[in-house]
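# Structure at a glance
Each chain, letter by letter, is given below.
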Amino acid sequence: MASPTQKNFDATSRLQMKEQTIDEMYGIPENFLEIEVRNPQTHGFGRKMFTDYEIVCRTNIPAFKLKVSSVRRRYSDFEWFRDVLERESSRVNIPSLPGKVFTNRFTDEVIESRREGLERFLQIVAGHPLLQTGSKVLSAFIQDPNFSRENYNH
């Protein structure tokens, strides 16, 4: 009697293995979305200090107007954006943002940790098909350098 491993091998060995072409291996995928949050910059002095982050987006998904874009956003912009997404889409569980920091918030470690959390957040929400097609604010927040909260009545 054949072993379970041998049975699995026999079952899969009948599958035709087709060699991938160079285009299939290295070409642009049908749909791709790369979002990077990088280059944090701190501005201002004292109580007026804040850090903003560059959002770089590369995509060929039709929901996004630009193939390549770069904008800057503050943490408070992300808070507003998350709030709008929650109200726009009751069917999608919107992930949380990295937590608010009240002490030492301008240290390199805190800024880097927040940058990583904001990047994870954007990758999840931007990659969600229901948000890509249903959100009025998603692509503008990620791509429009002239984005303004006042243009969205939520």
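Residues numbered from 1 in each chain as written. Predicted model: local features only at pLDDT ≥ 70, side-chain atom pairs only at ≥ 80, totals over all residues. Heavy atoms only, no water.

Here we take up the overall build of the chain. Counting secondary structure elements, the chain contains 6 helices and 3 strands. Along the chain, helices (α) and strands (β) appear in the sequence α-α-β-β-β-α-α-α-α when read from the amino end. Within the span of the chain, comprising 154 residues, buried residues form 34% of the whole. The contacts in the chain between residues at least 6 apart in sequence include a share of 57% that link residues at least 24 apart. On the chain, roughly 10,700 Å² of surface is accessible, and the fraction owed to carbon and sulfur atoms is 51%. (Helix = DSSP H or I, 4+ residues; strand = E, 2+ residues; numbered from the N terminus. Buried < 20%, exposed > 50% of the residue type's maximum accessible area, 1.4 Å probe, protein only. Contact = heavy atoms within 4.5 Å. Areas by Shrake-Rupley, 256 points an atom, 1.4 Å probe, with all protein chains shown as cover.)

Residue placement: Q132 occurs in helix α5 (residues 129-134). The exposure class of Q132 is buried, given its relative accessible area of 16%. Apart from the residues lying within four places of it in its own chain, the contact partners of Q132 are L33, I61, A63, F64, A126, G127 and L138.

What follows deals with the pairing of strand β3 (residues 68-74). Alternating positions in β3 separate cleanly, S69, V71 and R73 being buried on one face and V68, S70, R72 and R74 remaining unburied on the opposite face. Bridging between strand β2 (residues 50-59) and β3 involves 7 bridges; their strand directions are antiparallel. Considered in β3, the bridge of V56 is made with S70. (Pairing = 2+ DSSP bridges.)

Taken together, the side chains of R47, K48, R74 and R105 define a basic patch exposed on the protein surface. Looking at the secondary structure, you find R105 in the loop between α3 (75-88) and α4 (108-126). (Patch = residues over 30% accessible without salt bridge, like charges linked within 9 Å, V, L, I, M, F, W, Y side chains within 5 Å. Salt bridge = Lys/Arg side-chain N within 4 Å of Asp/Glu carboxyl O. Lys, Arg positive; Asp, Glu negative; His and termini not counted. Charge placed at Lys NZ, Arg CZ, Asp CG, Glu CD.)

Okay, α3 next. A rise of 1.5 Å per residue sets the reference length of α3, with its 14 residues, at 20 Å; its end C-alpha atoms lie 20 Å apart and thus fit the reference within 8%. Of the residues making up α3, those classed as buried are Y75, D77, F78, W80, F81, R82, V84 and L85. As for α3, its buried residues are in contact with β2, β3, α4, α5 and α6 (138-143). (Expected span 1.5 Å × (residues − 1).)

A separate point is the nonpolar core. Core analysis: the largest hydrophobic core is formed by 30 residues, its most contacted members being I55, F81, F121, L122, V125 and I142. Contributing elements (two or more residues each) for this core: β1 (33-43), β2, α3, α4 and α6. Not counting residues up to four positions away in its chain, the partners in contact with F121 are F78, F81, R82, L85, I94, P95, S96 and L97. (Core = buried A, V, L, I, M, F, W, Y, C linked by side-chain atoms within 4.5 Å.)

Across 9 bridges, β1 lies against β2 in antiparallel orientation. Each bridged residue has a counterpart across the sheet, and for L33 the counterpart in β2 is T59. Where β1 folds back onto β2 in an antiparallel hairpin, the turn is made up of 6 residues, including G44, whose phi is positive at roughly 80°.

Right, let's talk about the packing of aromatic side chains for a bit. Inspection of the entire model under this criterion finds 6 aromatic pairs. On the numbers, 6.5 Å between centres and 70° between planes, the contact of F78 with F121 is edge-to-face. Note that F78 is positioned in helix α3 and F121 in helix α4, a separation of 43 residues in sequence. Residue class for F121 comes out buried when judged on its relative accessible area of 1%. (Phe/Tyr/Trp six-rings, centres within 6.5 Å; stacked < 30°, edge-to-face > 60°.)

This paragraph deals with the sheet that holds β3. As summarised here, the arrangement of the 3 strands in space is β1-β2-β3, forming an open sheet in which the pairing is antiparallel. Strands with a single pairing partner mark the edges of an open sheet, and in this sheet they are β1 and β3. Put simply, the sheet's adjacent strands are angled 20° from each other on average, direction ignored. Most of the contacts of α3 go to β3, to which it runs at about 100°, and overall it touches β2 and β3. (Axes fitted to C-alpha atoms, helices over the stretch in contact; angles between N-to-C directions.)

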